[in-house]
Amino acid sequence: ASARRVLLVDRPNSVQTTLALGNIAIDRRSPDYLPMVLMNDILGGGASARLFLNLREEKGYTYGVYSSFSALRYPGPWRAGGNMRTEVTDGALVEFYKEIRRIRDQKVTSRELEESKRAIVAGFALSLEQPTRMLNFAITRLIYGLPADYWDSYADKIMAVSAEEVQRVARKYLNPDALQLVAVGDASKIKTVLENYGAVEVYDSSGALVAAEKH
């Protein structure tokens, strides 16, 4: 999608808001795949990532917040999200967009990049001890037509990704003005918050459109 869209699923009396932001990104054969792996890991890949450290550890808005992306035969979505207490929906959205803009506007630190690289490579090394993972690697290479030495050189290629490449893919695929924003929660309490981000389309819990207001 080339423009932001704001969708609200009304769940009356909900004590939490489930937030999801995302858009279509890349397919598995994209040359941007490995930089995306690093970028996503640093931004929201786990408990040491920026989103988690900000929204959970610093702000206490949520028990967990993460980002991920799906790259298959066709381009799949990059998305970030989590469950927030209703009363901090506004603050959580501010921090989501803040972190998305930060990884676009500033190069990641050398420490963040190296720690992410080491964690990914260590996880890959451990997976080589699991027969089912080895089989999945072989299947992935065949399905997507990856080079015969793809997995042999995977760790080296991860270690070679630069901070500039991480910033480049963040700028390319994480456009704050085109991210689709979905919230599930009590509309009576969070609709005005969402209106700060555009016209809000309100749906009921069965997916039927209740209202779409101009902004």
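Each remark here, short or long, concerns the structure printed above.
Residues numbered from 1 in each chain as written. Predicted model: local features only at pLDDT ≥ 70, side-chain atom pairs only at ≥ 80, totals over all residues. Heavy atoms only, no water.

All chains considered together, the criterion is met by 15 salt bridges. Salt bridges sharing common partners tie together Glu58, Lys59, Glu95 and Lys98. (Salt bridge = Lys/Arg side-chain N within 4 Å of Asp/Glu carboxyl O.)

This part is about the pairing of strand β6 (residues 200-203). Burial along β6 is two-sided: the face carrying Val200 and Val202 and the face carrying Glu201 and Tyr203 are both buried. Direction of pairing for strand β1 (residues 5-10) relative to β6: parallel, over a ladder of four bridges. Along β6, the bridge assignment pairs leucine 7 with glutamate 201. (Buried < 20%, exposed > 50% of the residue type's maximum accessible area, 1.4 Å probe, protein only. Helix = DSSP H or I, 4+ residues; strand = E, 2+ residues; numbered from the N terminus. Pairing = 2+ DSSP bridges.)

Before going further, it helps to spend a moment on helix α7 (residues 163-173). Buried residues of α7: Ala163, Val166, Gln167, Val169, Ala170 and Tyr173, and no others. Projected onto a plane normal to the axis of α7, the buried residues spread over an arc of 165 degrees and lie on a single side. Residues of α7 that are buried in the fold lie against α1 (33-44), α3 (89-105) and α4 (110-127). (Arc of directions from axis to C-beta. Contact = heavy atoms within 4.5 Å.)

Before going further, it helps to spend a moment on a nonpolar patch on the surface. Taken together, the side chains of Leu135, Ile139 and Ile143 make up a nonpolar region of the molecular surface, amounting to roughly 260 Å² of accessible area. Considering the arrangement of structural elements, one finds isoleucine 139 in helix α5 (residues 131-143). Classification of isoleucine 139 as partly exposed rests on a relative accessible area of 38%. (Patch = residues over 30% accessible without salt bridge, like charges linked within 9 Å, V, L, I, M, F, W, Y side chains within 5 Å. Areas by Shrake-Rupley, 256 points an atom, 1.4 Å probe, with all protein chains shown as cover.)

Below, the discussion takes up the packing of α1 against α4. Two elements in contact, α1 and α4, have axes separated by 10 Å at closest approach and are oriented at 110 degrees. In terms of orientation, α1 and α4 fall into the roughly perpendicular class. The segment α1 lies against α4, with Val37, Leu38, Asp41 and Ile42 engaging Glu112, Leu113, Ser116, Lys117 and Ile120. (Axes fitted to C-alpha atoms, helices over the stretch in contact; angles between N-to-C directions. Parallel < 35°, antiparallel > 145°, perpendicular 65-115°, else oblique.)

Quick look at the packing of helix α2 (residues 50-58) against α3 now. One way to put it is that α2 packs onto α3 with a least axis distance of 10 Å and a crossing angle of 155 degrees. It follows that α2 is roughly antiparallel to α3 by the angle criterion. In this structure, α2 meets α3 at a crossing whose hand is right-handed. Facing α2, whose interface residues are Arg50, Leu51, Asn54 and Leu55, α3 presents Ala92, Glu95, Phe96, Glu99, Arg102 and Ile103. (Left-handed = near helix turned anticlockwise from the far one by under 90°.)

Phi is positive for asparagine 13, close to 70 degrees, though the residue is something other than glycine. Locating asparagine 13 in the fold gives a position in the loop between β1 and β2 (16-24).

We now examine the packing of aromatic side chains. Enumeration according to the criterion identifies 10 aromatic pairs in this entry. Seen from their ring centres, phenylalanine 124 and tryptophan 151 are 5.9 Å apart, and the 20 degrees between their planes marks the pair as stacked. Of the two residues, phenylalanine 124 is situated in helix α4 and tryptophan 151 in the loop between α5 and α6 (154-160); the sequence distance between them amounts to 27 residues. Summarising the burial analysis for this pair, phenylalanine 124 and tryptophan 151 share the class buried. Ring geometry for tyrosine 150 against tryptophan 151: centres 4.9 Å apart, planes inclined by 90 degrees, an arrangement best described as edge-to-face. Residue classification places tyrosine 150 among the buried positions, given a relative accessible area of 8%. (Phe/Tyr/Trp six-rings, centres within 6.5 Å; stacked < 30°, edge-to-face > 60°.)

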